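Next come the chains, spelled out residue by residue.
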Amino acid sequence: MSQRGRLKIYLGYAAGVGKTYRMLEEAQALRQKDVDIVIGYFEPHGRKETIAKTEGFAVVPRRVLPYGGTAFEEMDTEAVLSRKPAVAIVDEFAHTNVPGSAREKRWQDVEVLLAAGIDVLTTMNVQHLESLNDQVWRVTGVRVRETVPDWVVDEAAEVVFVDLTPGALRNRIERGVVYAPEKAKRAMENFFAEANLTALREMAMRHTAHEVEERLANPEPAAGSRRYERVLICLTGRPASANLIRRGKRVADYLQADCLALHVCLPSEKDPEAVERHLRFARNLRIETHSMHADDVPKAITEFARSRRVTQIFMGRSLARPVWKRFSENIVQQVVRLARDMQITIVAERRR
Amino acid sequence: MQAEERRERRGRLKVFLGYASRVGKSFRMFDEGRRRKERGQDVVIGAIQRDVTPDVRDIVSRIEVIPSLDGAINLVALFRRHPEICLIDELAHDNPPGCRNRERWQDLQELLDRGISVITAVNLQHIREHQDAVERITGKRAANSVPEEFLRSADEIEIVDAPPDTLLDRTGNSRIPDARALAELRELALLLAADVVDRQLRVYLDSHGVSARWGAQERILVCLTPRSNAAEMLRSGYRNAQRFHGALLAAYMQQDDLPAADRKRLDQHLALARELGAEVHSLAGADFVDTLLEFTAQQRVTQVFLGHTHRDQRFAFLRSPVDRLIDAAEDFDLRIFPSSLSNEESNEGPDEGEK
């Protein structure tokens with residue numbers, strides 16, 4: 001079997017910072033050294049300087065897929081596989097493929113190439129990282145739909161930050177380099193407001209630093225040795241659980257802790273489908289999930305946590321209760337009382 | 001008004017920051033100069049390094065150069081020429097004796113003061129406040145340096161990041177640190193840039209009257225009380241702040257009637273907080289929860305660490321501060337820590353003395 005390919009991600013903080021340009025620049029340098037490199041997917045966005053950088057590359061034709069009366073073009077992963085270059089350029093890592101494609105997400109296509117021993121160069125913005133989804137929403141008001149699980153990025157051989165100052169980016173937008181004029185104006189007032197860009201840029205810098213640090217040190221703890229921390233996420237069917245899962249996982253990742261998720265099912269569970277969806281979401285983020293039935297939820301949580309030597313429990317806030325009910329303890333308070341030997345984090349449902 | 005006007009007249013400073021030699025920051029700087037010139041701006045070069053790469057040489061040949069004079073920028077000639085933008089490579093540079101300024105960054109101040117915008121480039125190893133850290137990583141210390149404050153005064157800072165392997169490719173040069181050292185330098189440079197950007201963000205928000213409840217950084221607040229397990233909370237807070245590259249804050253409520261033993265314990269906690277580099281705040285207010293909520297909003301706190309309260313069973317019907325905070329916490333995560341003074345069973349009364 002061939003060795004797994006290396007993934008290199010050019011990380012930016014917004015459209016137009018020059019990720020694709022930088023990626024192609026480096027690809028050109030590889031081509032000069034006679035590396036066999038092809039374009040698997042490239043999105044020109046009508047930017048002349050970027051298009052000029054694709055000169056000389058072999059391009060694997062895209063696959064055309066009809067959907068809803070329109071013809072969509074996606075990377076032809078199978079064609080890239082059979083061409084088997086040393087390196088493939090695949091723009092826009094977070095892209096969602098049109099329904100009917102072999103795989104739902106482009107990052108899954110890239111996984112296929114990597115597994116076949118092909119190195120991949122790709123681009124993405126920090127706001128597409130799953131763990132930052134809530135934070136990005138708070139800052140920009142935009143709920144990013146196309147996300148990439150953090151473990152996919154963590155497994156990249158290299159993450160390179162592509163910087164441009166927000167002022168310079170806004171100038172480029174004003175000059176019409178990034179978007180068509182009418183779209184540019186809207187963009188400047190919304191997502192591309194200076195404070196938004198500055199905050200996203202800071203996130204991208206900190207995240208790249210985090211990725212660098214992850215690759216630096218910390219070999220896996222020796223077999224049998226216990227990791228310092230273990231995080232347990234108590235999820236429910238409530239919508240806020242998605243935020244809770246992301247938050248718990250993010251803390252676990254940063255602390256290099258194990259991460260488990262538990263759902264305790266009451267006989268009266270209202271929305272089993274939502275629970276199943278959240279459990280699946282957790283598994284996609286590589287969280288070990290557990291489900292159990294119990295009448296006494298706080299007791300079940302505490303006992304499970306103790307049996308698995310959990311050091312931190314993550315819970316969502318219970319729904320606001322009417323005043324007369326506040327004299328009795330809710331589930332969070334009961335767990336707080338029962339699990340006095342553990343840290344318990346109550347995750348806020350953040351506002352904007 | 002006056003400050004605003006002065007800023008109007010002052011030139012703008014842009015700095016390209018790299019984490020090691022050869023990441024390509026000079027190229028990016030000159031390339032920006034080229035693009036600006038092509039857009040019709042009046043650009044000159046005030047300083048070039050001696051050995052430049054061919055791609056830099058190519059750009060430089062297309063821009064007017066005001067040659068340096070006896071190893072220093074020719075300030076007089078630049079003042080006379082008075083371009084819109086001046087490109088200065090190698091920001092960290094000591095001028096020879098006899099010049100009007102000892103260091104090059106001071107020359108840049110004069111250009112900026114006279115309304116000339118400057119684009120310059122510098123490496124992490126030359127930032128004075130980070131030289132100890134760099135020396136710990138590489139075992140070497142650069143002779144010339146620039147104060148961090150100058151970097152922070154820049155209108156714009158752009159980081160030039162590049163994968164370490166592109167630097168290591170050109171081996172045979174023993175001056176290049178190894179891969180691990182490069183990665184450490186890279187992380188430092190990214191975090192320095194993030195800090196600079198964070199400050200810019202705060203200044204921007206303040207000057208536009210935006211009271212944002214959000215930030216791009218984790219800000220962890222440890223609430224100290226005399227009876228809390230402060231050491232564990234502070235250490236955990238410190239570790240979290242380190243891992244998240246965030247800020248650590250500690251706060252306590254002012255209380256005049258604190259018993260001597262509690263006062264002493266609190267002082268010990270505060271000393272530990274300061275030792276760990278926490279920003280310590282003392283809070284005054286009639287109600288602990290209200291005061292804390294106001295403080296967290298103002299400081300854009302993202303996580304609050306709090307010890308378990310010892311609930312007096314006789315007053316169990318009163319809601320404890322923890323319960324109230326759980327209900328009120330909307331913008332931060334609340335992490336509740338096991339308390340130190342209790343073990344499972346005997347945690348009702350104030351049972352100090354029993355150790």
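Keep in mind it's a predicted model, so treat the numbers as computed, not measured. (Residues numbered from 1 in each chain as written. Chains lettered and ligands numbered in written order. Predicted model: local features only at pLDDT ≥ 70, side-chain atom pairs only at ≥ 80, totals over all residues.)

## Here's the deal with the overall build of chain B
Here is the rule: Helical segments are the DSSP runs of H or I of at least four residues, strand segments are the runs of E of at least two, and each set is numbered from the N terminus. Every C-beta atom is placed from the backbone, and the number of other C-beta atoms within 10 Å of a residue's own sets its class: buried at 20 or more, exposed at 12 or fewer, partly exposed in between. Note that contacts rest on C-beta atoms placed from the backbone: two residues are in contact if these are within 7 Å.
On a plain count of helices and strands, chain B comes out with 13 helices and 11 strands. Every one of the 355 residues in chain B was classed for burial, and the buried ones make up 39%. A separation threshold of at least 6 residues defines the contact pool for chain B, and within that pool the share at least 24 residues apart is 73%.

## Structural notes on the overall build of chain A
If you tally the helices and strands in chain A, you get 13 helices and 13 strands. Overall size of chain A, expressed as C-alpha extent along the three principal axes, is 70 × 50 × 45 Å. Taking all 352 residues of chain A together, the buried fraction comes to 44%.

## Some words on the domain arrangement of chain A
Residues and elements named next belong to chain A. Heads up, the condition is: Annotation comment: domain bounds sourced from an automatic or database domain assignment. Each residue is assigned to one class: nonpolar for Ala, Val, Leu, Ile, Met, Phe, Trp, Tyr, Cys and Pro, charged for Asp, Glu, Lys and Arg, and polar for all the others, Gly among them.
Considered domain by domain, chain A is made up of domain 1 (7–216) and domain 2 (230–347). Contacts between the two partners involve seven residues from domain 1, matched on the other side by eight residues from domain 2. Elements represented by at least two residues in the side of domain 1 that touches domain 2 include exactly helix 5 (133–140) and helix 6 (150–154). Split by residue class, the side of domain 1 that touches domain 2 holds two nonpolar, two polar and three charged.

## Some words on the environment of valine 275 of chain A
All names here are of chain A. With respect to the secondary-structure elements, valine 275 resides in helix 11 (residues 272–284). Separated by 29 residues in sequence, valine 275 and phenylalanine 304 have C-alpha atoms that sit 18 Å apart. The contacts of valine 275, once residues within four sequence positions are left out, are Thr236, Gly237, His263 and Glu269.

## Overview of the confidence of the model for chain A
Residues and elements named next belong to chain A. We count it as follows: What pLDDT expresses is the predictor's confidence in each residue, scored from 0 to 100.
The predicted model of chain A has a mean per-residue pLDDT of 88, with 93% of residues at 70 or higher. When mean pLDDT is compared element by element in chain A, strand 6 (residues 87–90) scores highest at 98, while helix 8 (residues 181–189) scores lowest at 78. The low-confidence segment residues 219–226, where pLDDT is below 50, has one contact with residues more than four positions distant or belonging to other chains.

## A short note on the pairing of strand 12 (residues 312–316) of chain A
Residues and elements named next belong to chain A. Put simply, the rule is: When DSSP locates at least two bridges between a pair of strands, those strands are taken to pair.
The buried fraction of strand 12 is high, at five of five residues. Judged by which residues are buried, strand 12 turns out to be covered on both faces: Gln312, Phe314 and Gly316 on one side and Ile313 and Met315 on the other are all buried. The pairing of strand 9 (residues 230–234) with strand 12 spans three bridges and is parallel. Bridging across to strand 12, leucine 232 finds its partner in isoleucine 313. Bridge count for strand 12 against strand 13 (residues 343–347) is five bridges, and the pairing is parallel. From the neighbouring strand, methionine 315 faces strand 13, where its bridge partner is isoleucine 346.

## Things to note about the nonpolar core
Nonpolar side chains in soluble globular proteins tend to end up buried together. Short version of the rule: Remark: nonpolar core denotes a set of buried Ala, Val, Leu, Ile, Met, Phe, Trp, Tyr and Cys residues whose joining runs through C-beta atoms within 7 Å.
Residues Leu11 of chain A together with Leu17, Ala189 and Ala193 of chain B are the most contacted members of the largest nonpolar core, which totals 116 residues. Beyond its immediate sequence surroundings of up to four residues, alanine 189 of chain B is in contact with Leu17, Tyr19, Leu124 and Ile159 of chain B. Within the second largest apolar cluster, 68 residues are counted, among which are Leu260 and Ile346 of chain A together with Ala230 and Ala273 of chain B.

## Brief notes about the sheet that holds strand 10 (residues 258–265) of chain A
In plain terms, the rule: To get an axis, a line is fitted to the C-alpha atoms, and for a helix only the part in contact is used. The angle between two axes follows their N-to-C directions and goes from 0 to 180 degrees.
A sheet is described by the order of its strands in space; here 10 strands give the open sequence 11(A)-10(A)-9(A)-12(A)-13(A)-11(B)-10(B)-7(B)-8(B)-9(B), paired in mixed fashion. Of all the strands in the sheet, the pair left with one neighbour each is strand 11 (288–293) of chain A together with strand 9 (279–283) of chain B. Recorded for the sheet is a direction-independent mean angle of 25° between the axes of neighbouring strands. Strands strand 9, strand 10, strand 11 and strand 12 of chain A of the sheet are contacted by helix 12 (residues 297–307) of chain A, whose axis makes an angle of about 155° with strand 10 of chain A. Here helix 13 (residues 321–328) of chain B sits on the sheet and contacts strand 13 of chain A together with strand 10 (303–307) and strand 11 (333–337) of chain B; the angle it forms with strand 11 of chain B, its principal contact strand, is near 160°.

## Quick notes on the sheet that holds strand 2 (residues 43–47) of chain B
Working definition: the strands of a sheet are paired by backbone hydrogen bonds and lie parallel or antiparallel to each other. Residue and element names in this part refer to chain B. Strand order in this open sheet of six strands is 3-2-4-5-1-6, and the pairing throughout is parallel. In this open sheet, the two strands that pair with only one neighbour each are strand 3 (64–65) and strand 6 (156–160). Here strand 1 (residues 13–18) pairs with strand 6 via five bridges, running parallel. Residue pairing for strand 6: lysine 14 is matched across the bridge by glutamate 156. Its contacts with the sheet put helix 5 (residues 104–113) on strand 1, strand 4 (85–88) and strand 5 (117–123), and the angle it makes with strand 5 is roughly 160°.

## So, the interface of chain B and chain A
Contact residues are listed per partner, giving 44 residues for chain B and 45 residues for chain A. Secondary-structure elements contributing two or more residues to the side of chain B that touches chain A are strand 6, helix 9 (179–207), helix 10 (230–244), helix 13 and strand 11 of chain B. No other element matches the 15 residues that helix 9 of chain B contributes to the side of chain B that touches chain A. Bridge count between strand 13 of chain A and strand 11 of chain B: three bridges; the pairing is antiparallel. Looking at the pairing, isoleucine 344 of chain A lines up with isoleucine 336 of chain B of strand 11 of chain B.

## Side note on the domain arrangement of chain B
Per the domain assignment, the segments making up chain B are domain 1 (2–207) and domain 2 (219–337). Measuring from the centre of the C-alpha atoms in domain 1 of chain B to the corresponding centre in domain 2 of chain B gives 42 Å.

## Considerations on the environment of glycine 46 of chain A
Residue and element names in this part refer to chain A. Within the secondary structure, glycine 46 sits in the loop between strand 2 (37–41) and helix 2 (48–52). Judged by local crowding, glycine 46 falls into the exposed class, with 12 C-beta atoms found within 10 Å. For glycine 46 and valine 178, which are 132 residues apart along the polypeptide, the C-alpha to C-alpha distance reads 8.4 Å.

## Structural notes on the packing of helix 6 (residues 131–138) of chain B against helix 9 of chain B
For any two helices packed against each other, one specifies the inter-axial angle together with the distance between the axes. Residue and element names in this part refer to chain B. Quick note on the threshold: Note that the term roughly parallel is reserved for angles under 35 degrees, roughly antiparallel for angles over 145, roughly perpendicular for angles of 65 to 115, and oblique for everything else. Crossing chirality is assigned from the near helix's rotation relative to the far helix, an anticlockwise turn below a right angle marking it left-handed and a clockwise turn marking it right-handed.
Where helix 6 contacts helix 9, the two axes come as close as 9 Å, and the packing angle between them is 160°. It follows from the interaxial angle that helix 6 and helix 9 lie roughly antiparallel. Here helix 6 and helix 9 pass one another in a crossing that is right-handed. In contact with Ala133, Val134, Ile137 and Thr138 of helix 6, helix 9 contributes Ala181, Glu184, Leu185 and Leu188. Across the contact of helix 6 with helix 9, the residue classes break down as six nonpolar, one polar and one charged.

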